[in-house]
Amino acid sequence: MSQESAIVFAIFYALLCFCIVYPSTEFVSAGLTVDHVFSSTLGSEAITFVQHHIRRTSLNLMVHSLLPAIYIRVYYMQFDAENDDTSESSVVNSHPLVWAFLVLPAVLLPGLVVAAIYYWSRNQWQNHPIARQLVKFARPDDPFSDWRAVAANINDEFRRDDKVVIRMNPISRVVTTENWVIKTSSYWINIARQGETTMVAYKSDTHDVSQDAFETVQYVNIAVIPLRKEIKEFSIRINALHFRELQDRINSQITVLSSVKFHRSVLERFVDVFKDQVAQNPTYQLEDNSIMENSDNCFACMQARPNIKICKNCLDVDEVGQTLSEAQRCQSCNCRPMWCIECVAKWFASRQDQSERESWLQQKCTCPMCRARFCVLDVCYVQQRQ
Ligand SMILES: [Zn+2]
Ligand SMILES: [Zn+2]
Ligand SMILES: [Zn+2]
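All of these numbers come straight from a predicted model, not from anything done at the bench.

### Looking at the confidence of the model for the protein
Of all residues in the protein, 93% have pLDDT values of 70 or greater, and the mean over the chain is 86. Taken element by element, the protein is modelled with least confidence in helix H6 (residues 86-93), mean pLDDT 49, and with most confidence in strand S3 (residues 180-184), mean pLDDT 96. Note on residues 86-91: pLDDT under 50 across the span, and four contacts to partners over four residues away in sequence or across chains.

Here it is, written out as structure tokens:
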């Protein structure tokens, strides 16, 4: 193998290894991961969660430990095929430093891993580090007699629909069930029991996801601190958008340190400004209260009660007092109150030019039902007759 092709091969192999060890989201969704390829031998995660992860982490360790040995094997195969002059190849083959630092560890590593997995798997994985972690939850005063009872409880709770699973990155997830908080990663799963754990959001960081710096994504780091010393502390890092979802599944309050500030999205900030303006507009006096009493919830969110009516208030002039042409004027909308203020604000924002956020409030929009043009001055809170 020439020097150039050896380098190309090394780079290609390094990339391949990276994709195997740390698959990108595209690889994960395409099913090109170790877990997915060997899914039949791993057992179903949905049915036997703990056993699945014991096998999965062991398999990852096995496959990843083989990567250096496969590289050396392929490299020497190529080298031997291209060099008939055995004296030259034997120089490389027999170089003691190459052997000591590359070949020997590469061959020993999978050997050690196989021996460890063999030892762990005896007595139905009783020796596996994850099983040994679970046994710490089995105490005389607990309802669990041994690690299998703990595992059965986790499996049972994972099968229910009320679990919350949040993906942290392509190789890690946080799974929250009624009583457990679990972080899965390539070679290990961390487990904490909710009743005896405190959770502290201690750090947040924000990243731009687009050039205009309006769209940002915020991550929150949360320490999961078991009260019992023998159980290891761990930390999870989730998109701030998932924080509420996680908090709702955790039985106790997640402590948020004062250094952690949740950023509000552009849309949330717009909704606030929109509401402020609407609060200054005249209210709409409802003639007949039964319209509201008989009406359904907001058509968009299906949750809040409709509380606004589009009702033309604005004068037909632009910012500098020039009279607007017919085509630019707001129109009257005769729809009954059907939307809540939040949904109207979001609808309004969604109809605007995303690149001109500063001028959204001055723009117009059309009623979702009758398509009458309106501006923020025409959005009125509904006031019911006493
Ligand atoms: Zn709504
Ligand atoms: Zn309308
Ligand atoms: Zn208007």
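And the narrative resumes.
### Digging into helix H13 (residues 341-350)
Structural remark: α-helix, 3.6 residues per turn; residues separated by three or four positions point the same way. Every buried residue belonging to H13 is among Ile-341, Cys-343, Val-344, Ala-345 and Phe-348, and all of these are buried. Where H13 is buried, its residues touch helix H11 (266-280), strand S10 (308-310), strand S11 (364-366) and strand S13 (379-383).

### Here's the deal with the nonpolar core
Leu-134, Ile-154 and Val-224 are the most contacted members of the largest nonpolar core, which totals 33 residues. Among the elements that take part in this core, helix H9 (residues 147-159) stands out by supplying five residues, more than any other. Each of domain 1 (3-127) and domain 2 (153-256) accounts for three or more of the residues forming this core. Leu-134 has contacts with Trp-147, Val-150, Ala-151 and Ile-191, leaving out every residue within four places of it along the chain. Grouped together as the second largest cluster of nonpolar side chains are 22 residues, Phe-274, Cys-340, Ala-345 and Cys-365 included.

### Regarding the pairing of strand S5 (residues 197-208)
Of the pairings in the sheet, the one linking S5 to strand S6 (residues 216-226) comprises 11 bridges and is antiparallel in character. Bridge assignment links Asp-208 to a residue of S6, and that residue is Thr-216. The sheet contact formed by S5 and strand S8 (residues 255-256) spans two bridges and is parallel. Bridge assignment links Val-200 to a residue of S8, and that residue is Thr-255.

### Observations concerning the sheet that holds strand S9 (residues 284-285)
Here three strands make up an open sheet; going across it, the order is S9-S13-S10 and the pairing mixed. Looking along the sheet, the strands with just one partner apiece sit at the ends: S9 and S10. Pairing of S9 with S13 involves two bridges; the strand directions are parallel. Bridging across to S13, Gln-285 finds its partner in Gln-383.

### Things to note about unusual backbone geometry
With a phi angle near 55°, Gln-124 is a residue other than glycine that sits in the positive phi range. Mapping Gln-124 onto the fold places it in helix H7 (residues 96-125). The residue Trp-125 is not glycine, and still its phi comes out positive at about 65°. Mapped onto the elements, Trp-125 comes out in helix H7.

### Focus on the pairing of strand S1 (residues 164-169)
Every other side chain in a regular strand lies on the same face of the sheet, so the side chains alternate between the two faces. Examined bridge by bridge, S1 and strand S2 (residues 172-176) share five bridges and lie antiparallel to one another. Bridge pairing links Arg-167 to Arg-173 in S2.

Calculation criteria
- Residues numbered from 1 in each chain as written.
- Chains lettered and ligands numbered in written order.
- Predicted model: local features only at pLDDT ≥ 70, side-chain atom pairs only at ≥ 80, totals over all residues.
- pLDDT = per-residue confidence, 0-100.
- Helix = DSSP H or I, 4+ residues; strand = E, 2+ residues; numbered from the N terminus.
- Contact = placed C-beta atoms within 7 Å.
- Buried ≥ 20, exposed ≤ 12 C-beta atoms within 10 Å, placed from the backbone.
- Core = buried A, V, L, I, M, F, W, Y, C linked by C-beta atoms within 7 Å.
- Domains from an automatic or database assignment.
- Pairing = 2+ DSSP bridges.

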